[in-house]
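Listed below, chain by chain, are the residues.
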Amino acid sequence: MTDELEIEPAVASVVFGDRIDLGRAFTSALARHGEELGLIGPLELPRLWTRHVVNSGLVASLLRPGTVADVGSGAGLPGLVLAIIRPDVSFTLIEPMERRVDWLERQVRELDLSNVVVERARGEESAHKRQFDQVTARAVSALRTLIPVTAPLAKPGGELVLMKGAGVDGEIGAAQKVFRKYLISDPEVLVLGEDLGTEVTRVFRATVDAR
């Protein structure tokens, strides 16, 4: 496998719209520094646009004007990508690792993103409990462990918008007890990108009810 950056797919301009230049700048920076900073793996460059950047950007259509917390932001996937696409939304990127926090803050400055703040914390330790209209995460952990971290950040009636893998339906079945504990209602799985001819993004969406 070549280690060259994937050629920008046509779908990127559809996803980013008039913000595509910022999308390109972010992707270029991630390609240059991502591996050395431990943000992406050594084999990710040939699929960086499709697997990571566009994949994250598809979630932008599910966001509404307001406040969003992105838990475990890491490389800025999806938080920075979404902040680029949706300047009408205020984002708090929550990330515990200093090296990654430095990267996120640097990108916020270089991309001149006035709708982003970065908080160095674990999701469960964040100072922003019950403050956000929506909470996002791009996580490999199962819903039964992800819900206790993300749900407490949502306002009563707020939404979880969590990027998940192909096994999400099974995770829902295994998380029913956690759903009851954290008052999760109306869970659904959305598949995004099928109409764009790109790798699909699966999203678990649900409401966090008032306590």
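Residues numbered from 1 in each chain as written. Predicted model: local features only at pLDDT ≥ 70, side-chain atom pairs only at ≥ 80, totals over all residues. Heavy atoms only, no water.

**Q** Explain the packing of aromatic side chains to me, please; I cannot follow it from the model alone.
**A** Aromatic rings considered in pairs are described by the distance between their centres and by the relative angle of their planes. On inspection of all chains with the given rule, the structure shows 3 aromatic pairs. On the numbers, 6.4 Å between centres and 90 degrees between planes, the contact of F16 with W49 is edge-to-face. Here F16 is found in helix α1 (residues 11-16), whereas its partner W49 is found in helix α3 (residues 48-57), with 33 residues between them in sequence. No difference in accessibility class separates F16 from W49, as the two residues are buried. When the ring of F26 is compared with that of W103, the centres are 6.4 Å apart and the planes differ by 50 degrees; the resulting orientation is tilted. A residue pair is termed long-range when its members are at least 10 positions apart, and F26 in helix α2 (residues 20-33) and W103 in helix α5 (residues 98-110) qualify at 77 residues. Exposure remark for F26: the relative accessible area of 0% places this residue in the buried category. (Phe/Tyr/Trp six-rings, centres within 6.5 Å; stacked < 30°, edge-to-face > 60°. Helix = DSSP H or I, 4+ residues; strand = E, 2+ residues; numbered from the N terminus. Buried < 20%, exposed > 50% of the residue type's maximum accessible area, 1.4 Å probe, protein only.)

**Q** How should unusual backbone geometry be read in this particular structure?
**A** Outside of glycine, negative phi angles account for most residues, and trans bonds account for most peptide bonds. Put simply, L77 and P78 share a cis peptide bond, and its omega is 10 degrees. For L183, which is not glycine, the phi dihedral falls at a positive 55 degrees. By the secondary structure assignment, L183 is in the loop between α8 (176-181) and β6 (184-192). L183 sits in the partly exposed class, given a relative accessible area of 30%. A positive phi angle, close to 55 degrees, is found at D186, a residue other than glycine. With respect to the element layout, D186 can be found in strand β6.

**Q** Would you mind showing me how to read the pattern of salt bridges here?
**A** Pairing between side chains of opposite charge can happen when the charged atoms of each approach one another. Applying the stated criterion across every chain, the model contains 13 salt bridges. A salt bridge links E110 to R106; the nearest nitrogen and oxygen atoms lie 3.0 Å apart. Here E110 pairs with R106, and both are found in helix α5, just 4 residues apart, close to one helical turn. Of the charged contacts in the structure, one is a salt bridge between E171 and K164, with a shortest N-O distance of 3.0 Å. Linked by salt bridges that have partners in common, E8, D21 and R24 make up one network. (Salt bridge = Lys/Arg side-chain N within 4 Å of Asp/Glu carboxyl O.)

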